[in-house]
Amino acid sequence: MKLLILIAFVIIASCTPQNTTPSVPVTKPTALDTTKAQLLKKGMFIGLDGPTSGTASIYDQAGSKYVLLNPFESHNGPDLKVYISKDINANDYIRLGNLQATSGRQVYSVPSGTTIADFNYVHIWCQAYSVDFARAEVK
Amino acid sequence: MSDIFFNSQKLSLILRDGLESDKLNQPSVLVLRFKLDMKKNLIVFTVLVLMNLQGYTQTGGHINKYIDATVGVAKYQGTLSLSYVNTWRFGSKQKLGIGLGGRFTSYFAANQYYTTAPAKLTSGNTSPTIIFQDNIQANIDTFLIKSPQVNSVNLSINIDYRLSKKITAGFNIDAIGFSFGGSRTGNYINGASGKMLNATPTPFNILLISDNDKGSLNSEFYIRYFLNEKWGLKVGAQFLFTEYTTETKVQQFPEENDRFRNKSLLFCVGASYKI
């Protein structure tokens, strides 16, 4: 009996909270000014593992590329990242960073040297669990 | 260059340079000079241990044979191990035991990060001194597997010490064997870029030194309590390496690589049955 209690204690102790994405919209200013940037691609999100909605856009501003999520609304989850990928399953992708917030306008820089023409999808990807939360095909 | 020295009553290992075999003339002594690499040394070592322990049984030494079942748990990870161990007891009170056995380990987990495995990449070289070196972080990429499952069968080396009539402390480690398991899709993460690709457990396992190891190898520190003559319970820690090989050499920098390793520390409990 004592052994069972010990095992149960170890299992419970090993269950720690997951890192989740802030739900408060991002307020800090971004480098992207859509009035001066050129829109390259755009698409609507569809939720794959729960309700997600909004628009993903890719802009070129003075040679730098940005992904803009605006408007954007998603349910929360652990270890959410923003990927852009060449194919629907994200077999070949670039990670733009942690999802900044589950709602509101947010901007992500695309690494220099990326050929945007090759990337046709924006994903909200739960990396720790390898789950595609939401996807937008951008054209 | 190393020499290994055994006799039939005592098992000892002498590693030194420049030892000449004609300096050791005892009839019961087996001396071999190695000019082999580390892998061959380990295989020969195992064969010699088996040969000498066979001689030990003929001198009336005490032998314990166990069947052992162990369960290991850690965050999102688990193991089930089944082993058979033949332990030869040494010393006037038979407190020290040295054993050889076989172990089947099944590892199952969720969302585990595997990292670049070869020592040449993690440490910059393959010499035994890498155990004291820090990893070269720039060379280490990550392969995230959603549901790794690796089965391995290995020859194990076992050492234990009887602390009292009912309590034994021990250590064991897998030395050589093979692994099998299904193909898994993983997320290869290299900085900002990545790929999804398939991988299978590295088929051949061998214990060398630090990251020179290959494949999936289990080891345990444990305390065993004997409930009676036949049955014992054990509790301890398992340190397990599991390794996957990707379908292509996905890592390109600083050189091509397809082997990725996960190191797991698990709490373990088990039952032993003395045959």
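The structure reproduced in this document is the subject of the present report. (Residues numbered from 1 in each chain as written. Chains lettered and ligands numbered in written order. Predicted model: local features only at pLDDT ≥ 70, side-chain atom pairs only at ≥ 80, totals over all residues.)

Observations concerning the overall build of chain B
Then comes step 1: Along the backbone of chain B there are two helices and 15 strands.
Then comes step 2: Residues classed as buried in chain B amount to 33% of the 275 residues present. (Helix = DSSP H or I, 4+ residues; strand = E, 2+ residues; numbered from the N terminus. Buried ≥ 20, exposed ≤ 12 C-beta atoms within 10 Å, placed from the backbone.)

Some thoughts on the environment of L240 of chain B
Residue and element names in this part refer to chain B.
Then comes step 1: Mapped onto the elements of the fold, L240 is located in strand 14 (residues 231-246).
Then comes step 2: Since 26 C-beta atoms lie within 10 Å of it, L240 is described here as buried.
Then comes step 3: Residues L240 and S152 lie 88 residues apart in sequence; the distance between their C-alpha atoms is 11 Å.
Then comes step 4: When neighbours within four sequence positions are excluded, L240 is seen to be in contact with T79, Y107, N218, S264 and L266. (Contact = placed C-beta atoms within 7 Å.)

A look at the nonpolar core
Then comes step 1: In this structure, V67, V82, I84 and V122 of chain A are the most contacted members of the largest nonpolar core, which totals 30 residues.
Then comes step 2: Looking at this core, the elements that each hand over two or more residues are strand 2 (52-61), strand 3 (64-74), strand 4 (80-85), strand 5 (92-98), strand 6 (106-109), strand 7 (121-126) and strand 8 (131-137) of chain A.
Then comes step 3: Every residue in contact with V67 of chain A, bar those within four places of it in the chain, is listed here: A56, I58, V82, I84, L96, Y108, V110 and V122 of chain A.
Then comes step 4: Counting eleven residues, the second-largest nonpolar core is a separate cluster that includes A109, V150, I157 and C268 of chain B. (Core = buried A, V, L, I, M, F, W, Y, C linked by C-beta atoms within 7 Å.)

A few points about the interface of chain B and chain A
Then comes step 1: Taken together, the 14 residues of chain B in the interface contact 17 residues of chain A.
Then comes step 2: The set of elements that each furnish at least two residues to the side of chain B that touches chain A consists of strand 3 (63-74), strand 11 (193-201) and strand 15 (259-274) of chain B.
Then comes step 3: With four residues, strand 11 of chain B is the largest single contributor of residues to the side of chain B that touches chain A.
Then comes step 4: Grouping the constituent residues of the side of chain B that touches chain A by class yields seven nonpolar, four polar and three charged.
Then comes step 5: Inspection of the sheet shows strand 5 of chain A paired to strand 11 of chain B by three bridges, in the antiparallel sense. Within strand 11 of chain B, the position partnered with Y93 of chain A by the bridge is G194 of chain B. (Nonpolar A, V, L, I, M, F, W, Y, C, P; charged D, E, K, R; others polar. Pairing = 2+ DSSP bridges.)

Examining the pairing of strand 15 of chain B
All names here are of chain B.
Then comes step 1: As judged from the eight bridges shared by strand 3 and strand 15, these two strands associate in the antiparallel manner. The partner of Y66 across the bridge, within strand 15, is K274.
Then comes step 2: Sheet topology places strand 6 (residues 112-116) next to strand 15; two bridges connect them, and they run antiparallel. Each bridged residue has a counterpart across the sheet, and for T116 the counterpart in strand 15 is F260.
Then comes step 3: Sheet topology places strand 14 next to strand 15; 15 bridges connect them, and they run antiparallel. Bridged to L233 within strand 15 is A271.

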